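# Fold and contact review
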Amino acid sequence: MGTPLLALDNLTVAYDTEEGPLAAVRGVSLSLGKGDRYGLVGESGSGKTTLGLAVLCYLAGNGRVTGGAIRFGDADLLTASAGELRRVWGGRIGMVYQNPATALNPSLRVGEQIAEVARAHLGLGRGEAHGKAVAMLAKVRLSDPAAVAERYPHELSGGMLQRALIAMALTSNPELLILDEPTTALDVTTEAVVLDLIESLAEEYGSAILYITHNLGVVARLCDRVGVMYAGELVEEAPVNDLYHLPLHPYTVGLLGSIPGLDADKHRAPLSTVPGRIPRPNELPAGCVFVPRCQLAEDACRAARPLYETVAPRRSSRCRRWLELAGGWRGAADTSPPAVTAATSGGAELSAQGVKKYFPTGGAIGNLLPSLAGPPVRAVDDISLSLPEGTTVGLVGESGCGKTTFGRCLVGLAEPTAGTVSLGENRLSPSVAGRPRPVLRRLQMVFQNPDASLNPSLTVGRAIGRQLALLADLPADRRRERVAELLRSVGLPESYAARLPEELSGGEKQRVAIARAFAADPGIVICDEPISALDVSVQGSLLNLLSELQASRGATYLFISHDLAAVRYISDYVAVVYLGRLWEIGSTAEVFAPPFHPYTEALLAAIPVPDPATPRRRLRLAGNVPSSVQVPSGCRFHPRCPRQLGQICETEEPPWRQASSSHRLCCHIELAELQRLQRLAPSTVEAANDA
Amino acid sequence: MLSYVARRLLFVLLTLLLSSLVIFGVTQLLPGDVATMILGRFATPEALARLRGELGLDRPLYVQYWDWLWRFVKGDWGTSLATGTAIQPWVMERLRNSAMLAGVGLVMSVPLAVVLGVVAAMKRDSWLDHVISVFSLALVGLPEFVTGLVFIGVLALGLKWLPASSAIEPDAGFFDALPKLILPGLTITLVMLAYVARMTRSGTIEVLKTDYIRTAYLKGLPAHEVILNHVLRNALLPTVTIIAISIGWLIGGLIVTESVFGYPGLGRLLLYSIQHRDLPLLQAVSMLVVAIYSLANLLADVVYAYLNPRIRLS
């Protein structure tokens, strides 16, 4: 490999806190050669972001490097002067951040923010630097770069901002590019386009890449070496193919197992999971940090911290029992039987007919004088859907497509502008306030962000108990018992009843939220992105939990998500929504096989698959989800459709086509033709422009 | 942006209309009768009735209100009951004086306060931060009549650097008046300082925590560029709002400071009109002060919107 470009030697980073220094990164050694692409994978709390910033010697006020060395080229960054560091920052190392919307200064024009880099590192004057900024914006394939340079960050979409940040990072032609979760805040379709861009630009510029992420799929696509971080330590490192095919640390095994592949479903087997959570730096076990969650742990693991051993050429693992893993251990089989849809509990089916939800624009004046208001935001625009009892219907689409609003219309948190929601024969009041208690009891919702949906000042027991008191008419003395029962059923110890939400991890909070939703034995639960705010290993266990609860209680779910793999895993039926309308609906197997609606096809092609061997399908969506104020004419998908036919798509609304008794899609293209196109290598279609 | 300003101006007019109702109503409720006030307590009933007729006081209240408002809008603010002179030029002269004092106060206080606030934020939780916080808070706690008298005692009577009285000539130009403006300006500065410095400090701290400041540093920009181009541009937004709002108080509300220094501004004129039960004068000054406060608030919003592209461009 020659002299490495970046070499971390036994690096330890600590944060000074009131409890004393906490080591967030401990003894990490790794090295990158010129042009290497290194993926650093870990969940939240693994120390991966701290490590990324430590490489730059840029830590929060209370953070400092307490041991080890950082060599970049021939420089020792830890002893470098402020001036030397400034030449490295943005000059020799470029950085792209997780959230593009907050990483750019809201009151400076985008072009100016890029030009600053050109002035600082390339020594260009004002005019030249501006020209360079525009050229860089063109380089990241933004159309009309000169106009984009004049815009402010809030005028650009997330995908465009992330491209601008990539342009900024590459302006000085850096030797190393650090990317910290650069696509996590983006939609899957935009993510695919941005990853393509990173890949091709990294090749063109020859920069080495340190790619920090929790997403094993992205790493499989982009990197050639992977390091897995857990609780501040590097636990395994391997070339990307080897890691995916023969992981040599039980944590990596668990991480890979907890991601539903695009072929997994709940009827076959529950996802393998990593129980428990990452320990905080102040509660580390004495021996191996992974012991509390490890299925292979034995006494020797608890006694001493295992060494980080080179177990094969270019492979390292911090597990004493790696040899057993090399023999093909894949985790103890989960003993729970696959979830089978239980007999339904007898009740009525929830259905929506022609539901529309328009939000007025124009603020207070528009409310008072509707004639002055602008055209409304058509968040949900005529969706009819029924939830067959005891099944899960997955609702997928990009952010801004109206899927959450539709869920809120069903439970009555948003009043539909038109259309009805019925439970069996019974037409429900549009507002939750007008619905009788038995209806409220039957129809519950789990929200995306448990931090926001749990009252921070109520203990878990009281939060669930309130639900019991309000909806189940349970006398106070029986409630305690029932709360304990509910906590057990979501896999939490009874003692958690006395805890406050802040004492729980994200996954535990979401379990409490699920327990609360199930408190009064609902028949139907609307799950709005219930796992997307959580870590990978926790997502798997929550999907399992939802499947188990469904099997044991016969509940019906509407599972709203942008994560197609999760939807595929848990759903019996899938509905695809775009710009407030449904475009395809059918049983899960049917929706995930051709003929696809072109939108479904593009969503599927965009998913980074956590397996480097999977051939890539390069079908990309152009542009952003258009505004739901000015909905495109004809087929609303036509401006972005990779398979657009022509005139007809722009002028006429497409017809619904029946592919089977349970599978329908809405497109101008004949089903047989779609089938034929989609069986062909789809790489001929590519339309990646502005994300 | 223009339509936004137009809409806000409409609200200002509405505010003024409502205030005129309140001001007119309150002055009607004040004890005493204007005619009695003018003619004295021993005037004959006939004379009183005649004067009421001349002044139009025997008409229904709404007619009187409308008449008063219309004349006020036209610029005919009537004559003072106390001195018999025309009110409008008198008030305008005081307005000019108040504006001069406000300007001096702003120039003295704002740059200092902003620098102190930024320094305190950059050196957060250091001894310097604590010293700035404690001193500015201690100073804002002192009432103006205390600080004002201390300044007079030390800087005017003791060291004889500056005049003790700020009674300026009616037609004094700005530079003639300047020496007399410094002591009241200092007094105002002490009030403004803590207010603006703390606002700047918390605004700067918020901005320093943001991701885009990290981006700016990791671009390799020198610290002074990060502060000037990235931090202040965002951190001063709330400060600018506070300053613009305070213009209302600086012009129309300095009753104590003006009294301590004998400075002929609007605040003292308001006090005078109350002491002399000079109702037309009271009404005129009150309306003017309300207008200044409304416009200062409007200015604050417009400046904020102008400096903030997220609002300016939407």
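Conventions and cut-offs
- Residues numbered from 1 in each chain as written.
- Chains lettered and ligands numbered in written order.
- Predicted model: local features only at pLDDT ≥ 70, side-chain atom pairs only at ≥ 80, totals over all residues.
- Heavy atoms only, no water.
- Pairing = 2+ DSSP bridges.
- Helix = DSSP H or I, 4+ residues; strand = E, 2+ residues; numbered from the N terminus.
- Contact = heavy atoms within 4.5 Å.
- Axes fitted to C-alpha atoms, helices over the stretch in contact; angles between N-to-C directions.
- pLDDT = per-residue confidence, 0-100.
- Expected span 1.5 Å × (residues − 1).
- Buried < 20%, exposed > 50% of the residue type's maximum accessible area, 1.4 Å probe, protein only.
- Buried area = accessible area lost by both parts, 1.4 Å probe.
- Salt bridge = Lys/Arg side-chain N within 4 Å of Asp/Glu carboxyl O.
- Nonpolar A, V, L, I, M, F, W, Y, C, P; charged D, E, K, R; others polar.
- Phe/Tyr/Trp six-rings, centres within 6.5 Å; stacked < 30°, edge-to-face > 60°.
- Lys NZ or Arg CZ within 6 Å of the ring centre and 35° of its normal.

### Examining the sheet that holds strand β5 (residues 75-76) of chain A
Residue and element names in this part refer to chain A.
- Spatially, the four strands line up as an open sheet ordered β2-β1-β4-β5, and their pairing is antiparallel. The sheet terminates laterally at β2 (20-32) and β5, the two strands that pair on one side only.
- The pairing of strand β1 (residues 6-17) with β2 spans nine bridges and is antiparallel. When the bridges of β2 are listed, Asp16 appears paired with Pro21.
- Contacting β1, β2 and β4 (63-72), helix α1 (residues 48-55) crosses the sheet at an angle of about 115° to β1.

### Things to note about the confidence of the model for chain A
Residue and element names in this part refer to chain A.
- Averaged over all residues, the pLDDT of chain A is 85; the fraction at 70 or higher stands at 93%.
- Taken together, the stretch residues 333-345 has pLDDT below 50 and engages in 25 contacts with residues farther than four places along the chain or on a different chain.
- When the criterion is pLDDT under 50, residues 681-691 qualifies, and its contacts beyond four places in sequence or with other chains add up to 33 contacts.

### What about helix α20 (residues 506-518) of chain A?
All names here are of chain A.
- Relative to the 18 Å expected for 13 residues at 1.5 Å per residue, α20 spans 18 Å between its end C-alpha atoms, a close match to the ideal helical length.
- Most of α20 sits inside the fold, with twelve of its 13 residues counted as buried.
- Turning to α20, its buried residues are Gly507, Glu508, Lys509, Gln510, Arg511, Val512, Ala513, Ile514, Ala515, Arg516, Ala517 and Phe518.

### Brief notes about the interface of chain B and chain A
- At the interface, 19 residues of chain B touch 26 residues of chain A.
- Buried surface at the junction of chain B and chain A, summed over both partners, amounts to about 2200 Å²; 60% is from carbon and sulfur atoms.
- On the chain B side of the interface with chain A, the three residues burying the most area are Arg214(B), Leu218(B) and Lys219(B), jointly 30% of the side's total.
- Inspection of the region where chain B meets chain A yields one salt bridge.
- Across the salt bridge formed by Glu116(A) and Lys219(B), the nearest N and O atoms sit 2.6 Å from each other.
- Looking at the side of chain B that touches chain A, the elements with two or more residues in it are α9 (211-218), α10 (223-252) and α14 (309-312) of chain B.
- A class-by-class count of the residues in the side of chain B that touches chain A yields seven nonpolar, five polar and seven charged.

### A short note on the packing of aromatic side chains
- Inspection of every chain in the model, using the stated rule, returns 16 aromatic pairs over all chains.
- Both rings, one in Tyr578(A) and one in Tyr599(A), keep their centres 4.6 Å apart while their planes meet at 55°; by these two values the pair is tilted. Remark: Tyr599(A) occurs in helix α24 (residues 598-606) and Tyr578(A) occurs in strand β21 (residues 573-578); sequence separation between them is 21 residues. Taken as a pair, Tyr578(A) and Tyr599(A) share a single burial class, namely buried.
- Between Phe72(B) and Trp77(B), the ring centres sit 4.6 Å apart and the planes meet at 5°, which makes this aromatic pair stacked. An identical accessibility class is assigned to Phe72(B) and Trp77(B); each is buried.
- The rings of Phe24(B), Tyr65(B), Trp68(B), Phe72(B) and Trp77(B) are connected pair by pair, giving a single aromatic cluster.
- Above the ring of Tyr496(A), the side-chain terminus of Arg499(A) is found at 4.2 Å from the ring centroid.

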